[in-house]
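So the chains spell out like this:
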2 protein chains.
Amino acid sequence: MIIDCHGQFTTAPPALGKWRGRQIKAYEASRFRILPGELIIDDDEIVTAIEGGQLKRQRDRGTDLTLLSPDAGKAAQHYGDARTSLHWSQVSNDLIARASGLFPGRFAGVCQLPQSPGEALASSIGACVTELRRCVEELGFVGCLLNPDPSDGYWQAPPLTDPVYHPLFEALVELDVPAMVHVATSRNPAVPGGCAHYLNGATAVFMQLCQSRLFEDFPSLRLILPYGGGAVPYHWGRYRGVMLDQGRPPLEEALLGNVFFDTRVVGKRGLELLTDVIPAENILLASDTADTKAILDSLDTLTGAGRAAIYGENALRVFPRLRKLEAAL
Amino acid sequence: MIIDCHGQFTTAPPALGKWRGRQIKAYEASRFRILPGELIIDDDEIVTAIEGGQLKRQRDRGTDLTLLSPDAGKAAQHYGDARTSLHWSQVSNDLIARASGLFPGRFAGVCQLPQSPGEALASSIGACVTELRRCVEELGFVGCLLNPDPSDGYWQAPPLTDPVYHPLFEALVELDVPAMVHVATSRNPAVPGGCAHYLNGATAVFMQLCQSRLFEDFPSLRLILPYGGGAVPYHWGRYRGVMLDQGRPPLEEALLGNVFFDTRVVGKRGLELLTDVIPAENILLASDTADTKAILDSLDTLTGAGRAAIYGENALRVFPRLRKLEAAL
């Protein structure tokens, strides 16, 4: 089974974006709330949106299953207040659940979390745990997105290794689901979104992990760094040096039991570097607007076993709830 | 001639750091100023510091000339006010000038700029131009460091492509000196310095440049991205896509007449990627605590002409004032 671990519902029906626009505008204008129940989307619209988007991609690329999340960039948790982000997460996740349900066996849900920046951060983690439980236990989701910068481009929150995040990590461990560490939009003109903030987010978090002992406290916590880990594999020797300087075990031992990299890297040379530097058991297939799988197919440096691990076996291990879905089919 | 384009005076005599500590403390306590004239360092101390640091590195690695700047991380322009950064730049640059003068033909100066974050940014650019002129015209420097985030980890300034920076770019063009775009320290615990902020700084600025037409306004401006360009070569295909999406010429045409990458990448696989993806004429040798030159020597993918360009010819082109220094010897 070929599994794409990083599918975003970027083609969601326009009603979703319109609801979000109204939600933000009403709150900013008068602290008025547009409620989740005001979003009406027919099944037909969802079917059309998926068939022209992620399902088409599956067919074009020969993948069997896509882990489907809301559009990560649009989580944009800096808007409004904690309740704004809670409602937005609920409607976004409910839509993922419906889309997955309409195409049995093709998608598994990955949820957005109602994080909040600033003073609301700590209390928002409680709301994240509640929404994570709802998505996993009631809606059958297999993972979540975790934004390491809910201020959206200004890095106003403590590192993910801060104890403020521990309740969320406890829930992830208990539910046995991983988190993909994915920043949302950047509202900072100095750090543009998709080609700077997305990459820098993965890089920053990897270094946070190098400086902490988070995985000693949470030995079965699993985090996925998207975009091939940002700058990390390219500078692997630099991080090796960090661990050495701290007198700690090598990266492989200290981090690679818990940290995984996806293959959302555009271009053959980058994918060669990723698969040469990072052990195959730590790499998860992620497709992209560019077809990364076709490039991976062409790499003669990948062994059969390595390719099988990257294309699906690792995902079944990192997202163990996928096996339950598989068994239910 | 083998030229290391990225040497920092990290082994500066302890008196420099003590002066800086007193400067910050006095200002924070009572807005009192410790003046540049209060820093006393003997030539002997400088000789010892250089001989055990950058000169030893030259001998160990077989480089002939090092572009020597103040310790980039310690520029830390968020401390104090505009005058704090001005004084700190002056003493730091004067020390570089003295060190270069004590070892004729071994070093050429690259200056720190008295940038300031926040509201003082625009006026600080005027001070940067004055200090740049002093360093180039009076002290014989050949380039400068330019910090794209003088808030030191929170990215509070506009992108480098903003018109606020134009007076500095005009001076760089007129004086025919390049800028190495190098963030300073990070005071943000979520984005640690050397292994996240340094790399993310280069990545963010490359994307700023992809989104602007700065080099149409300043066709002879030259910017160097340290640390192999952060995440950029690893994600080269992603940036290609950005230019395509904007209907602009390819990266090679739009940016590579003006943007250069240094080789400060730890590890063979990273250096292979850099030299495979980026044309040799856009790469400048930079040594590191790890000996990048020894690794580059071992790469059989580099041609003789490419290696000659990377090891010295490009530096003479990007830093044309080096030729004047060379002629004066």
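Residues numbered from 1 in each chain as written. Chains lettered and ligands numbered in written order. Predicted model: local features only at pLDDT ≥ 70, side-chain atom pairs only at ≥ 80, totals over all residues. Heavy atoms only, no water.

Asks: Pulling in residues and values, what's your account of the overall build of chain A?
Replies: The secondary structure content of chain A amounts to 14 helices and 8 strands. Based on the C-alpha atoms only, the size of chain A along its principal axes is roughly 55 × 45 × 40 Å. Sorting the 329 residues of chain A into buried and exposed places 63% on the buried side. Restricting the contact set of chain A to residue pairs at least 6 apart, pairs at least 24 apart contribute 78%. Roughly 11,800 Å² of accessible area belongs to chain A as shown, and the carbon and sulfur atoms make up 52% of that amount. Counting 31 positive and 38 negative side-chain charges, chain A places the centres of these two groups 3 Å from one another. (Helix = DSSP H or I, 4+ residues; strand = E, 2+ residues; numbered from the N terminus. Buried < 20%, exposed > 50% of the residue type's maximum accessible area, 1.4 Å probe, protein only. Contact = heavy atoms within 4.5 Å. Areas by Shrake-Rupley, 256 points an atom, 1.4 Å probe, with all protein chains shown as cover. Lys, Arg positive; Asp, Glu negative; His and termini not counted. Charge placed at Lys NZ, Arg CZ, Asp CG, Glu CD.)

Asks: Pulling in residues and values, what's your account of the pattern of salt bridges?
Replies: In this structure the tally under the stated criterion is 32 salt bridges over all chains. Taking the shortest distance from any N to any O, the salt bridge between R133 of chain B and E174 of chain B comes out at 2.7 Å. You can see R133 of chain B sitting in helix 5 (residues 121-138) and its partner E174 of chain B sitting in helix 6 (residues 166-175), a full 41 residues away along the chain. Overall, R133 of chain B belongs to the partly exposed group, its relative accessible area being 26%. One network of salt bridges, in which partners are shared, links D94, E131 and R134 of chain A. (Salt bridge = Lys/Arg side-chain N within 4 Å of Asp/Glu carboxyl O.)

Asks: If you had to explain unusual backbone geometry to someone new, which residues and values would you point to?
Replies: Located in the positive-phi region is A76 of chain A, a residue other than glycine, with phi close to 40°. Looking at where A76 of chain A falls in the secondary structure, it is placed in the loop between strand 2 (65-69) and helix 4 (82-102).

Asks: For the sheet that holds strand 3 (residues 107-111) of chain B, give the residues involved together with the corresponding values.
Replies: Residue and element names in this part refer to chain B. Taking strand neighbours across the sheet as the criterion, the 8 strands line up as 1-2-3-4-5-6-7-8 in an open arrangement whose pairing is parallel. Two strands lie at the open edges of the sheet, namely strand 1 (3-8) and strand 8 (283-284), each paired on one side alone. As paired elements, strand 4 (residues 143-146) and strand 5 (residues 179-181) share 3 bridges and run parallel to each other. Across the sheet, residue C144 finds its bridge partner in strand 5, namely A179. (Pairing = 2+ DSSP bridges.)

Asks: Describe the interface of chain A and chain B, and please don't skip the residues or the numbers.
Replies: One widely used convention gives an interface's size as the accessible area the parts lose upon coming together. Tallying the contact residues gives 43 residues for chain A and 43 residues for chain B. A buried area of about 3,500 Å², summed over both sides, lies between chain A and chain B, and 61% of it is on carbon and sulfur atoms. In this assembly, chain A and chain B are joined by 2 salt bridges. Taking the shortest distance from any N to any O, the salt bridge between R269 of chain B and D276 of chain A comes out at 2.8 Å. Counting the contacts that link chain A with chain B gives 19 residue pairs in polar contact (both at pLDDT 80 or more). When contributions to the side of chain A that touches chain B are tallied by element, the ones reaching two or more residues are helix 7 (193-210), helix 9 (236-245) and helix 11 (268-277) of chain A. With 9 residues, helix 7 of chain A is the single largest residue contributor to the side of chain A that touches chain B. Its residues assigned to classes, the side of chain A that touches chain B comprises 25 nonpolar, 12 polar and 6 charged. (Buried area = accessible area lost by both parts, 1.4 Å probe. Polar contact = N/O pair within 3.5 Å; in protein donor to acceptor, adjacent residues only side chain to side chain. Nonpolar A, V, L, I, M, F, W, Y, C, P; charged D, E, K, R; others polar.)

Asks: Which residues make up the pairing of strand 4 (residues 143-146) of chain A, and what are the values?
Replies: Along a regular strand, successive side chains alternate from one face of the sheet to the other. Of the two faces of strand 4 of chain A, the one holding G143 and L145 of chain A and the one holding C144 and L146 of chain A are both buried throughout. Following the chain from strand 4 of chain A across helix 6 (residues 166-175) of chain A to the adjacent parallel strand 5 (residues 179-181) of chain A, one finds a crossover that is right-handed. (Right-handed = clockwise from strand over helix to strand, strands pointing away.)

Asks: Please give an account of the sheet that holds strand 4 of chain A that cites residues and values.
Replies: Residue and element names in this part refer to chain A. Across the sheet, 8 strands lie side by side as 1-2-3-4-5-6-7-8; this open sheet has parallel pairing. A strand with exactly one partner marks an edge of an open sheet, and here the two such strands are strand 1 (3-8) and strand 8 (283-284). Both strand 6 (residues 223-225) and strand 7 (residues 259-262) contribute to a ladder of 3 bridges, which runs parallel. Of the residues in strand 7, the one forming a bridge with L225 is F261.

Asks: Break down the confidence of the model for chain A for me, citing the residues and quoting the values.
Replies: For chain A, per-residue confidence averages 96 on the pLDDT scale, and 100% of positions sit at 70 or higher. Across the predicted assembly, pTM comes out at 0.97 and ipTM at 0.97. (pLDDT = per-residue confidence, 0-100.)

Asks: Go over the side chain of T292 of chain B with me, naming the residues and quoting the values.
Replies: Mapped onto the fold, T292 of chain B is located in helix 12 (residues 292-298). Apart from the residues lying within four places of it in its own chain, the contact partners of T292 of chain B are T263, R264, V265, L271, A286 and S287 of chain B.

Asks: Which residues make up the pairing of strand 2 of chain A, and what are the values?
Replies: Residue and element names in this part refer to chain A. Along strand 2, 5 of the 5 residues are buried, which leaves the element largely enclosed by surrounding structure. Of the two faces of strand 2, the one lined by L65, L67 and S69 and the one lined by T66 and L68 are each fully buried. Pairing between strand 2 and strand 3 (residues 107-111): 3 bridges, direction parallel. In the strand pairing of strand 3, L67 is matched with A108.

Asks: Just give me the short version of the environment of I283 of chain B, but keep the residues and values in it.
Replies: Residues and elements named next belong to chain B. Examined against the element boundaries, I283 turns out to sit in strand 8. Each C-alpha atom, one on I283 and one on A315, is 8.9 Å from the other, the two residues being 32 residues apart in sequence. For I283, the residues in contact, after removing those within four places along its chain, are F261, T263, L274, T275, I278, A309, I310 and N314.

Asks: Can you lay out the packing of helix 2 (residues 43-51) of chain B against helix 4 (residues 82-102) of chain B for me, pointing to particular residues and giving the numbers?
Replies: All names here are of chain B. Packing of helix 2 against helix 4 brings their axes to within 10 Å, and their N-to-C directions diverge by 75°. The pairing of helix 2 with helix 4 is recorded here as roughly perpendicular in orientation. Contacts between helix 2 and helix 4 involve D43, I46, V47 and I50 on the former and, on the latter, L95, R98, A99 and L102. Residue classes in the contact of helix 2 with helix 4 are distributed as 6 nonpolar, no polar and 2 charged. (Axes fitted to C-alpha atoms, helices over the stretch in contact; angles between N-to-C directions. Parallel < 35°, antiparallel > 145°, perpendicular 65-115°, else oblique.)

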